[in-house]
Amino acid sequence: MIFFTLVALFVLQSGFTYTSATDGVKAAAMLDGRAREGERLYREYNCTACHQFYGLGGYMGPDLTNVATQPGKGPGFARAIILHGTQRMPRLGVTEAEADALVAYLQAVAATGTYPIRHVELTPWGTYPELHRDGR
Amino acid sequence: MAAEPLRIAGRGTASWFLIAGLLALWTGALFGVIGSWQHVVPGVVDAIPFVKSRPLHVSLVVAWIFLGALGGVYHHLPAIAGVPLHAPRLVRVHLGIFIGTGPLVVASYLMGRFGGREYWEFPPVLGIPIALGWSLFMYNFFRTVAKRKGPWPAYLWMWATGVVFFLVTYAEANLYLFPHFSSNMVRELTVQWKAYGALTGSWNMLVYGTSMVVMERITGDTAPARSRTAFLLYALGFTNLLFGWAHHIYPVPSAPWLRLVAYAISMTEWIILARIIRQWRGTLGEGLRQRHSLAHRFLFAGEVWVFLNLGLALLISIPAVNLFTHGTHITVAHAMGSTIGINTTILFASVFLIADAAYDRTVRLGFWLLNGALVLFWLCLIAAGLVKGWLTVTTDLPFQAIMDRARPFIAGFAVAGAGLFAGLSLLVWRAAQGLLVGGMQRIARDAGTFAPGSTTPSSGPPHR
């Protein structure tokens, strides 16, 4: 009985996770054609081996969640590094069109929220009620 | 109880799962060493850059955990069920599929052909044979245990849960292929880590079920795996598998209730397992301890690592602490402590029991080298994570400046990783040798005779 109750709750939670619990992103954060292509390229070049979004990924390189909107960085900065690499990041042979798609993807990711979190309101039991400006 | 002698078909194939797993562990650890030194000396081993060494390391070590657990299940299941495996030929087909797919995955990484998500970066089409092989395993498992009489011990429930939920969560991990998920980055990231959290839970179910079986073999006591505590442990593990995943994604802007549920569930994790192993140890007779000291030593090491990782897991699951530890090497310390300290030591206990290996000088050296280096490795990662987490949250220093401050600890982690690899190499060598030589001789000699419904031998030499 307990087993089947847990499984039923799991199915219910999965349903919410696939829909309402993750549907609050802004329109700018939804991936359109070019950003979708960028998302595919991000996987094809295995960027996640070194980089993170929201702290999730490899730790060789920096987190890229807000790289496309960060003061002093932005789309041009991201595009230059994608195309030419750095002292530590190899030149991957990305084409101009692919770089544009990857930058579009990074811009969409940046519109989803902020990372790292630096200002939160902590509760006495160790949680934080709000992380992002929209209350999520 | 009168016993009908059973021929243990499929046992030789089970050993090959273990040998393939040991090979995956050794190569995976080698790529791990390469990857760790690439953090310290940029450009080292240019032929296999970090973008390749990381997935090679992760996928091969995960393969070891599954192959090690699969080999144990196939080996022990006939004696537990009291009947031969339902379809021994399917075990060979399963092995063939896995052995065939593994090199394709490795080749795709070496050629730089990616396409999957983190941890399964190979082209998604290679997931089809993996799921097919697992389906054969699931069919064989349930058809075999269906013939068993009487209530199931806790380890059978654990195995059954691990078998089913691996397939469920593996399918879920591929939902990103559908536009409903891939068009929304927050949804895709959330579902990815939901699937991975449960996937980790499912392999933990297989490994902890195996640890219960090994302990039952050592003690000859069948009561603990049928006790209320064992089932409470199972229920907690299952609840964590289903709902405890969101502590991986506290900073991701999904609904806050996901974080709250995960926080509450995570706090219950691991505690009962440590308790039950401790209880079992208390029941061990001194003579039995000496007789099976090799497997017991590994289970004891696993118990120590459960305690260490329990503390770390509980701390980093508190959202206020997680703010500083998320996205840092502390997460890696937890992952390494779990996969090496807990999963690998439990699986070594199982493999050495099956291989009937002796606690000789080589194994002793390997055991202490592995555990000693792992302690240093783990502490260096935690220290590096503390530096990175604190400076990331409290300062505006750029990434590279933060990593420069953490560099001494990263170097320590790379040195300790080399020691860890040396220890693993000795253990892998001895375990593979035992399986290849001793196992084959033993199988040819006695072909296995067991009492149905019991995991202990009815007569003759001890069943391992």
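Note that the structure is a prediction, hence the values are computed from the model and not measured.

Visitor: An account of the overall build of chain B is requested, with residue identities and associated values reported.
Guide: What chain B contains, in helices and strands, is 16 helices and 0 strands. Per-residue burial for chain B yields a buried fraction of 62% across its 464 residues. A fraction of 81% describes how many contacts in chain B between residues 6 or more apart in sequence connect residues 24 or more apart. Of the accessible surface of chain B, which amounts to about 16400 Å², a share of 70% is contributed by carbon and sulfur atoms.

Visitor: Please set out empty space enclosed by the protein residue by residue, giving values where relevant.
Guide: With the rule as written, the count across this model stands at 7 cavities of 30 Å³ or more. Counted as a void, the second largest cavity has a volume near 190 Å³. Contributing to the lining of the second largest cavity are 17 residues, with A:Y42, A:T48, A:F53, B:R117 and B:Q192 lying nearest its centre. Sorting the residues of the lining of the second largest cavity by element identifies helix 2 (33–44) of chain A together with helix 7 (185–219) of chain B as the ones contributing at least two each. Among the elements that line the lining of the second largest cavity, the one with the most residues is helix 7 of chain B, at 5 residues. The class makeup of the residues in the lining of the second largest cavity is 7 nonpolar, 5 polar and 5 charged. Domain assignment of the residues forming the lining of the second largest cavity places at least three in each of domain 1 (7–150) and domain 2 (156–273) of chain B.

Visitor: Outline the side chain of B:K194, supporting the account with residue identities and numerical values.
Guide: Tracing the sequence through the fold places B:K194 in helix 7. Classification of B:K194 by relative accessible area gives buried; the value is 0%. With residues up to four places along the chain from it excluded, the contact list for B:K194 reads A:F10, A:Q13, A:S14, A:T17, A:Y18, B:E172 and B:W245.

Visitor: Explain a nonpolar patch on the surface to me, using residue names and the numbers behind them.
Guide: On the surface, a nonpolar cluster with roughly 370 Å² of combined accessible area is contributed by A:L9, A:L12, A:F16 and B:W257. Looking at the nonpolar patch element by element, the count peaks at 3 residues for helix 1 (residues 2–18) of chain A. Within the fold, A:L12 resides in helix 1.

Visitor: Mind laying out the packing of aromatic side chains, listing which residues take part and the relevant values?
Guide: According to the stated counting rule, one finds 42 aromatic pairs over all chains in the structure shown. Centre to centre, the rings of A:Y42 and A:Y105 are 5.6 Å apart; their planes meet at 65°, and the pair counts as edge-to-face. Highlighted residues: A:Y42 in helix 2 and A:Y105 in helix 4 (residues 96–110), separated in sequence by 63 residues. Pair check on accessibility: A:Y42 and A:Y105 agree, each one buried. Each ring, one from B:Y74 and one from B:F137, has its centre 5.1 Å from the other, and the planes form 70°; the classification is edge-to-face. Remark: B:F137 occurs in helix 4 (residues 127–145) and B:Y74 occurs in helix 2 (residues 50–81); sequence separation between them is 63 residues. Comparing B:Y74 with B:F137, the two get one shared label, buried. Sitting above the plane of the B:Y176 ring, B:R117 keeps its charged end 5.8 Å from the centroid.

Visitor: Describe the nonpolar core, and please don't skip the residues or the numbers.
Guide: Residue and element names in this part refer to chain B. Formed by 175 residues in total, the largest nonpolar core has its most connected members in L22, W134, F141, W159, F298 and F348. The element contributing the most residues to this core is helix 7, with 18 residues. Setting aside anything within four residues of it in sequence, one finds L22 in contact with W64, F348, V351, V428, A431, A432 and L435.

Visitor: So, unusual backbone geometry: which residues are in play, and what are the values?
Guide: With an omega of 0°, the peptide bond running from A:Y115 to A:P116 counts as cis. Within the secondary structure, A:P116 is located in the segment after helix 4. The phi dihedral of A:Y54 falls on the positive side, at around 50°, and the residue is not glycine. Here A:Y54 lies in the loop between strand 1 (52–53) and strand 2 (56–57). Judged by its relative accessible area of 0%, A:Y54 falls in the buried class. Non-glycine residue B:V45 carries a positive phi angle of around 50°. Here B:V45 shows up in the loop between helix 1 (11–40) and helix 2. The class of B:V45 is partly exposed, set by a relative accessible area of 37%.

Visitor: Which residues make up the interface of chain A and chain B, and what values do they have?
Guide: In this complex, chain A contributes 56 residues to the contact, which on the side of chain B involves 73 residues. Both faces combined, the contact of chain A with chain B buries some 5500 Å², and carbon together with sulfur accounts for 64% of it. Inspection of the chain A/chain B interface yields 0 salt bridges. Inspection of the region where chain A meets chain B yields 15 residue pairs in polar contact (both at pLDDT 80 or more).

Visitor: If you had to explain the side chain of A:T48 to someone new, which residues and values would you point to?
Guide: Tracing the backbone through its elements, the reader meets A:T48 in the loop between helix 2 and strand 1. Overall, A:T48 belongs to the buried group, its relative accessible area being 13%. Those residues within four positions of A:T48 in sequence are excluded, and the remaining contacts are A:Y42, A:L56, A:G57, A:G58, B:R54, B:E118 and B:E121.

Rules of the game
Residues numbered from 1 in each chain as written. Chains lettered and ligands numbered in written order. Predicted model: local features only at pLDDT ≥ 70, side-chain atom pairs only at ≥ 80, totals over all residues. Heavy atoms only, no water. Helix = DSSP H or I, 4+ residues; strand = E, 2+ residues; numbered from the N terminus. Buried < 20%, exposed > 50% of the residue type's maximum accessible area, 1.4 Å probe, protein only. Contact = heavy atoms within 4.5 Å. Areas by Shrake-Rupley, 256 points an atom, 1.4 Å probe, with all protein chains shown as cover. 1 Å grid on protein atoms, 1.4 Å probe; cavity = no way out; pocket = protein on both sides within 12 Å on 5 of 7 lines; lining within 4 Å. Points joined across faces, edges and corners; volume = space filled by probe spheres on them. Nonpolar A, V, L, I, M, F, W, Y, C, P; charged D, E, K, R; others polar. Domains from an automatic or database assignment. Patch = residues over 30% accessible without salt bridge, like charges linked within 9 Å, V, L, I, M, F, W, Y side chains within 5 Å. Salt bridge = Lys/Arg side-chain N within 4 Å of Asp/Glu carboxyl O. Phe/Tyr/Trp six-rings, centres within 6.5 Å; stacked < 30°, edge-to-face > 60°. Lys NZ or Arg CZ within 6 Å of the ring centre and 35° of its normal. Core = buried A, V, L, I, M, F, W, Y, C linked by side-chain atoms within 4.5 Å. Buried area = accessible area lost by both parts, 1.4 Å probe. Polar contact = N/O pair within 3.5 Å; in protein donor to acceptor, adjacent residues only side chain to side chain.

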